Amino acid sequence: MVQQTNMPQAQLLYIFDTSEKACMNPIDVDEFDDRFQVYCETAGYELDEIEIAFSDPFTMHIIGEKQPEEDKRPRRVLSERKTRFQRTLRFQTKITDESMVLEMHQGVLHILVFKNGAGISR
């Protein structure tokens, strides 16, 4: 499913969802002069179960994957919990994984990603 953004002159082109079930992880993106702040709801996932990948200088993937719980019950009759999700964000400006900052607050992943050429000076 592709969601077109209706934000005027935003640097974000689209968000693409490839989750295994129909419910998506909602995303908000704030743009600043030198960076983007991405908020992705990831309730039920720990930070070590989430990977951020870049397929090119314009595209960022947020991937969450849980190992299935061992079920000792005799038979499961309904399962709606997701064990994997992937959200892809495509930007009009180059972004960099250098100096990227990840934090988790109450089930919301906060990703601070800098535009190419910007970053945290160390």
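Presented here is a report on the structure given in the accompanying data block. (Residues numbered from 1 in each chain as written. Predicted model: local features only at pLDDT ≥ 70, side-chain atom pairs only at ≥ 80, totals over all residues. Heavy atoms only, no water.)

Time to look at the pairing of strand β8 (residues 95–105). Direction of pairing for β8 relative to strand β9 (residues 108–115): antiparallel, over a ladder of 7 bridges. What sits directly across from Ile95, in β9, is Lys115. Here β8 folds back onto β9 in antiparallel fashion, the turn holding 2 residues, of which Gln106 has a positive phi close to 50°. (Pairing = 2+ DSSP bridges. Helix = DSSP H or I, 4+ residues; strand = E, 2+ residues; numbered from the N terminus.)

With that settled, consider the pattern of salt bridges. Summed over all chains, the structure comprises 5 salt bridges. Between Asp34 and Arg35 there is a salt bridge whose closest N-O contact spans 2.8 Å. Exposure remark for Asp34: the relative accessible area of 28% places this residue in the partly exposed category. Relative accessible area serves as the criterion here: at 24%, Arg35 is assigned to the partly exposed category. For Lys66, the salt bridge goes to Glu49, with nearest N and O atoms at 3.5 Å. Here Lys66 is found in the loop between β6 (59–65) and β7 (84–91), whereas its partner Glu49 is found in the loop between β4 (35–41) and β5 (50–56), with 17 residues between them in sequence. (Salt bridge = Lys/Arg side-chain N within 4 Å of Asp/Glu carboxyl O. Buried < 20%, exposed > 50% of the residue type's maximum accessible area, 1.4 Å probe, protein only.)

We now examine the sheet that holds β8. Taking strand neighbours across the sheet as the criterion, the 4 strands line up as β3-β4-β9-β8 in an open arrangement whose pairing is antiparallel. With partners counted over all chains shown, the strands left at the sheet margins are β3 (27–31) and β8, one partner each. Each neighbouring strand pair of the sheet contributes to a mean axis angle of 15°, computed without reference to strand direction. Both β3 and β4 contribute to a ladder of 5 bridges, which runs antiparallel. Bridge assignment links Glu31 to a residue of β4, and that residue is Phe36. (Axes fitted to C-alpha atoms, helices over the stretch in contact; angles between N-to-C directions.)

Attention now moves to the nonpolar core. The tendency in soluble globular proteins is for nonpolar side chains to be buried as a group. Among the nonpolar cores identified, the biggest contains 17 residues, and Val38, Met60, Ile62, Leu89 and Ile111 are the most heavily contacted of them. Looking at this core, the elements with two or more residues in it are β3, β4, β5, β6, β7 and β9. (Core = buried A, V, L, I, M, F, W, Y, C linked by side-chain atoms within 4.5 Å.)

Don't take any of this as a statement about function, it's just geometry.
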